[in-house]
Amino acid sequence: MKMLPMDVNHRRTLAAKLLFYGIFLSNHISEGVFTGPNGDCTPKNTLFISNETLTQQYFPSQTIYREVNGPKLCFNIQPNNSLADCCSENNFTCSLKVKGAGPGKYILNATEEILSKQDIVVMKKPQYDYSCMPSQVYSKSSPGFLYNINRCLNESSKSIRVNADSCLDNETNTRVTCKDVTETHYVIFDNKTCVLCKKPVLKSLDKEINYTLEKIPTSPDKAKDAMNVLSSLFKELGNASTAAVKMGNITGLIAKLPQENQTNMNFVFTKNSGVNSVEEENSNSLTGPFRLMKIPKEASKMAVEGNGSFLGILLFPEMHADDSSKYYLNSEIVGIEMGAKIQNLSQPIEIQYSNVDKKGANASCMSWDGNSTDANGKSLWITDGCQTVETNNSITCQCTHLTFFAILMSPPPANISTSDVNTLTYITSIGCGLSLFFLIVGLFMHVLVRKGKASEATKILMNLFVAMLILNLSFLTNESISNLGIEGACVAIAAVLHYGMLATFTWFFMQALHLYLSLRRICTEVKHYMLKICITGWVIPAVVVIALLASQKYNSININTNEGKAATMCWISDAGIHQGVNIGYYAVVFVFTLSVFILTVRQIVLMPKAGKAQDNISIKSNTSTILSLFLLLGITWAFAFFSYGPLLIASYYIFTILNSFQGFFLFIYYYKSSKIIGDSKIHTQSSSTATSNTAVTSPYA
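Calculation notes
- Residues numbered from 1 in each chain as written.
- Predicted model: local features only at pLDDT ≥ 70, side-chain atom pairs only at ≥ 80, totals over all residues.
- Heavy atoms only, no water.
- Disulfide = S-S within 2.5 Å.
- Helix = DSSP H or I, 4+ residues; strand = E, 2+ residues; numbered from the N terminus.
- Buried < 20%, exposed > 50% of the residue type's maximum accessible area, 1.4 Å probe, protein only.
- Patch = residues over 30% accessible without salt bridge, like charges linked within 9 Å, V, L, I, M, F, W, Y side chains within 5 Å.
- Areas by Shrake-Rupley, 256 points an atom, 1.4 Å probe, with all protein chains shown as cover.
- Salt bridge = Lys/Arg side-chain N within 4 Å of Asp/Glu carboxyl O.
- Axes fitted to C-alpha atoms, helices over the stretch in contact; angles between N-to-C directions.
- Left-handed = near helix turned anticlockwise from the far one by under 90°.
- Contact = heavy atoms within 4.5 Å.
- Nonpolar A, V, L, I, M, F, W, Y, C, P; charged D, E, K, R; others polar.
- Core = buried A, V, L, I, M, F, W, Y, C linked by side-chain atoms within 4.5 Å.
- Parallel < 35°, antiparallel > 145°, perpendicular 65-115°, else oblique.
- Pairing = 2+ DSSP bridges.
- pLDDT = per-residue confidence, 0-100.
- Lys, Arg positive; Asp, Glu negative; His and termini not counted.
- Charge placed at Lys NZ, Arg CZ, Asp CG, Glu CD.
- 1 Å grid on protein atoms, 1.4 Å probe; cavity = no way out; pocket = protein on both sides within 12 Å on 5 of 7 lines; lining within 4 Å.
- Points joined across faces, edges and corners; volume = space filled by probe spheres on them.

1. Considerations on the state of the cysteines
This model, assessed by the stated rule, comprises five disulfides. Between Cys-74 and Cys-86 runs a disulfide, and the two sulfur atoms are separated by 1.8 Å. Looking along the S-S bond of the Cys-74-Cys-86 disulfide, the torsion reads about 65°, which is the right-handed sense. Of the two residues, Cys-74 is situated in strand S3 (residues 72–75) and Cys-86 in the loop between S3 and strand S4 (98–100); the sequence distance between them amounts to 12 residues. Take Cys-74: its relative accessible area is 0%, and that puts it in the buried class. Residue Cys-86 is classed as buried on the basis of its relative accessible area of 0%. In this model, Cys-87 is linked to Cys-94 through a disulfide, with the two sulfur atoms separated by 2.1 Å. Judged by the torsion about the S-S bond (-85°), the Cys-87/Cys-94 disulfide is left-handed. Neither residue differs from the other here; Cys-87 and Cys-94 are each classed as buried.

Written as structure tokens, this is what we have:
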């Protein structure tokens, strides 16, 4: 489809009217007006581009403008990616390209300088934007040309406007968005937000200072002697502000501290470039292996107030931990000195290592004050004042004081063999799949057959079925989603899995609570009893999961074996959070459910005995009831407490079999107990009172 021919005057008249009503073009140009280079309302040129390749001409090729010196519009969306005529002028930078980078995400190779001169409108699906087709824009039957243009730009949801003033820089964005930036660009999202990702600017230090040590330190206690040399090296700076320091195999830097107007100082150590200062503070834009040191201005100010005049950082290689089973990351420790005592910082010092292969080990940020020793006279490394933050393949130490630092790598808890992992995975898949199927069957039975006559106990059981269904379904799909490598999907399935598990624990608790009230014959005729039970059972786990989502604690983790990594899954990435939340949560549930279980078993055992024949039936029935309660109250999950030492492998198998098949076992229990109660209503008419008091039947009909 070709554009209808128009003479120059006609085109200018239409363009003038269009720009006169620019206030209505809010979805594409601004919130009511164009924005100028100074952030005011001065009109700015606007370039329209797309990531789509068109085969027909939908948009004018010439510049549209109100007046020669006024703002101009350029639609560089021409057939077969040819340049629009408006690109031949100096008003637009048409070399810009936009490309898709995943669902709802686009990359625009623009710089701040380009966007300071023009706005960009990215049209995602111009060929399907029917309101912008020439036949609609130039329709004589419509209210008019201005109305058509206004409808074209306002009614479309297929465009994103990019403006330098509205985009965030990468200091405020997530680590993933601006990861591994090699060139400055903008990341644009479907929700009409954009993020500026800047190429990092590395600046060489002013000079280099070489110093010869009498003896290269091979232990932390010897490293402090090298740190003492920094004060004398400071005098060699002269008029320079920074200097790279070389002491044999020890590398580092020394920098003057400004006496006023202190700022953050950031230095990066790389294999190829040595040590440089980082003009762009965001470490997410750095690529390759590096060690980044971030010194907050608070530390500089505290040092100056304590008569400190320099910052010194030294990396000591070939350092070994006293415990032979552990090692320092990269076999190095970091010493930081500022000529004054620095402690209790509100904004911590950060030491980040990228491209870390932990090889299954656990990482802990440690510090040594240079003096403290243990009982054996060795340097005493502690974790006080330091926090370990692990993100993807990087480890960051956030410390509130200055001293020696190191990342201590410890062997993980004893892993199991790959064959055991494969066997347990096979058992889990069968068990969870079988449980998932029968949980659905049980819910259908309840909804279609027994819902109208269900007791409160049955309703609680059905809520447990739903929680276990969520748990089993999310567990079975977890690894597949993890292997996709989509972070958002991984976080979502991890949150759903965690919610399903906590909800299951909570409904174990609700089962025990209802059973306790029944045993004690405490009236449950409370107003909205089931509503209160349901709110408690579903809301409490949601609060925990939302808190962890807000704290960004869900991510992909590796499952390690003795032979190395066996699988990945989406789960809580912080082992401490996992232990504290999940083990602590279940421990509270377990204490209560076990107490109720013991009370119930005691009542069953103390029941009056009948005749010998009836007694055999009673023992069989009571044994079945006790085993059912063992599963119903979730006591089987307590086998996780025995996964240590010689019981490790055995507890894994017992735990996996009982809990992966738990949904299947509970369905059998629900089905049989429902049948027993249905039969008992008929049998009760001719049975003795003694018999009915001897057998313990389930309330779950």
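Once you've had a look at it, read on.
2. Some details on a nonpolar patch on the surface
A surface patch of nonpolar side chains, amounting to about 510 Å² of accessible area, comprises Ile-440, Phe-444, Val-447, Leu-448 and Val-449. Looking at the element boundaries, Leu-448 is found in helix H8 (residues 418–450).

3. Notes on the packing of helix H10 (residues 487–519) against helix H11 (residues 529–550)
The description of two helices packed together rests on the angle between their axes and the distance between the axes. Two numbers describe how H10 lies on H11: the axes approach to 9 Å, and their chain directions differ by 145°. Of the two possible hands of crossing, H10 and H11 adopt the one that is right-handed. Along the contact surface, H10 presents Val-491, Ala-495, His-498, Tyr-499, Leu-502, Ala-503, Thr-506, Trp-507, Met-510, Leu-513, His-514 and Leu-517, while H11 presents Tyr-529, Ile-533, Cys-534, Thr-536, Gly-537, Trp-538, Pro-541, Ala-542, Val-544, Val-545, Leu-548 and Leu-549. Partitioning the contact of H10 with H11 into residue classes produces 19 nonpolar, five polar and no charged.

4. As for the nonpolar core
By size, the foremost hydrophobic cluster in this structure holds 60 residues, and its most contacted members are Leu-464, Phe-465, Phe-505 and Trp-507. Other than its neighbours up to four places away in sequence, Leu-464 contacts Thr-504, Trp-507, Phe-508, Gln-511, Leu-632 and Leu-666. Among the nonpolar cores identified, the runner-up in size contains 38 residues, and Ala-244, Met-265, Val-275 and Met-409 belong to it.

5. A word on the packing of helix H9 (residues 456–484) against H10
Where H9 contacts H10, the two axes come as close as 8 Å, and the packing angle between them is 155°. In terms of their interaxial angle, H9 and H10 are classed as roughly antiparallel. The hand of the H9/H10 crossing is left-handed. For the contact of H9 with H10, the class distribution of residues is 20 nonpolar, eight polar and one charged.

6. Let's talk about the pattern of salt bridges
Taken as a whole and judged by the stated rule, the model has four salt bridges. The shortest N-O distance in the salt bridge between Lys-117 and Glu-113 comes to 3.9 Å. Of this pair, Lys-117 and Glu-113 both sit in helix H2 (residues 112–117), separated by four residues, roughly a single helical turn. There is no split in this pair, since Lys-117 and Glu-113 are both exposed. The closest approach of N and O atoms between Lys-553 and Asp-574, which form a salt bridge, is 3.9 Å. In this pair, Lys-553 sits in the loop between H11 and strand S26 (554–561) while Asp-574 sits in the loop between strand S27 (564–572) and helix H12 (575–605), placing the two residues 21 residues apart along the sequence. Judged by its relative accessible area of 22%, Lys-553 is partly exposed.

7. So, the sheet that holds strand S15 (residues 265–270)
Read from one edge to the other, the open sheet built from seven strands follows the order S11-S16-S15-S17-S21-S24-S23, with strand pairing classed as antiparallel. Strands with a single pairing partner mark the edges of an open sheet, and in this sheet they are strand S11 (202–204) and strand S23 (386–391). Each adjacent strand pair in this sheet contributes to an overall mean axis angle of 25°, direction not counted. Of the pairings in the sheet, the one linking S11 to strand S16 (residues 274–278) comprises three bridges and is antiparallel in character. Looking at the pairing, Ser-204 lines up with Asn-276 of S16.

8. So, the confidence of the model for the protein chain
Caution applies to low-pLDDT regions: their predicted coordinates should not be interpreted in detail. Mean pLDDT over the protein chain: 79, with 76% of residues reaching 70 or higher. Within the model, pLDDT remains below 50 along residues 1–41, and this stretch shows 84 contacts once partners closer than five positions in the same chain are excluded.

9. Observations concerning the environment of Gly-360
With respect to the helices and strands, Gly-360 occurs in the loop between strand S21 (349–353) and strand S22 (362–368). The exposure class of Gly-360 is buried, given its relative accessible area of 17%. Residues Gly-360 and Met-409, 49 residues apart in the sequence, show an inter-C-alpha distance of 9.5 Å.

10. Quick notes on a negative patch on the surface
Together, Asp-221, Asp-225, Asp-322 and Asp-323 make up a region of like negative charge exposed at the surface. Counting through the fold element by element, Asp-221 comes out in helix H5 (residues 220–228).

11. Details of unusual backbone geometry
Not every positive phi belongs to a glycine, and Asn-261 is a case in point at roughly 50°. Along the chain, Asn-261 falls in the loop between strand S14 (250–256) and S15. A residue is classified by how much of its surface remains accessible, and Asn-261, at 71% relative accessible area, is exposed. For Asn-330, which is not glycine, the phi torsion reads 60° and is therefore positive. Structurally, the position occupied by Asn-330 is in the loop between strand S19 (327–328) and strand S20 (333–337). Its relative accessible area of 48% is what places Asn-330 among the partly exposed residues.

12. Some remarks on empty space enclosed by the protein
One pass over the full model with this rule turns up one cavity of 30 Å³ or more. The volume enclosed by the largest cavity comes to roughly 40 Å³. Lining the largest cavity we find Glu-332, Ile-333, Val-334, Ile-351, Tyr-353, Cys-397, Phe-405, Ala-406 and Ile-407. For the lining of the largest cavity, the elements supplying multiple residues, two or more each, are S20, S21 and strand S25 (404–410). Of all the elements, S25 adds the most residues to the lining of the largest cavity, at three residues.

13. Description of the pairing of strand S18 (residues 310–316)
A large share of S18 lies buried, amounting to seven of its seven residues. Burial along S18 is two-sided: Phe-310, Gly-312, Leu-314 and Phe-316 facing one way and Leu-311, Ile-313 and Leu-315 facing the other are all buried. Looking at chain direction, S14 and S18 are connected through six bridges and run antiparallel. Residue Thr-251 lies in a different strand from S18, and its bridge partner there is Leu-315. One ladder, built from five bridges, connects S18 with S20; its direction is antiparallel. Note on S20: the bridge partner recorded for Leu-315 is Val-334.

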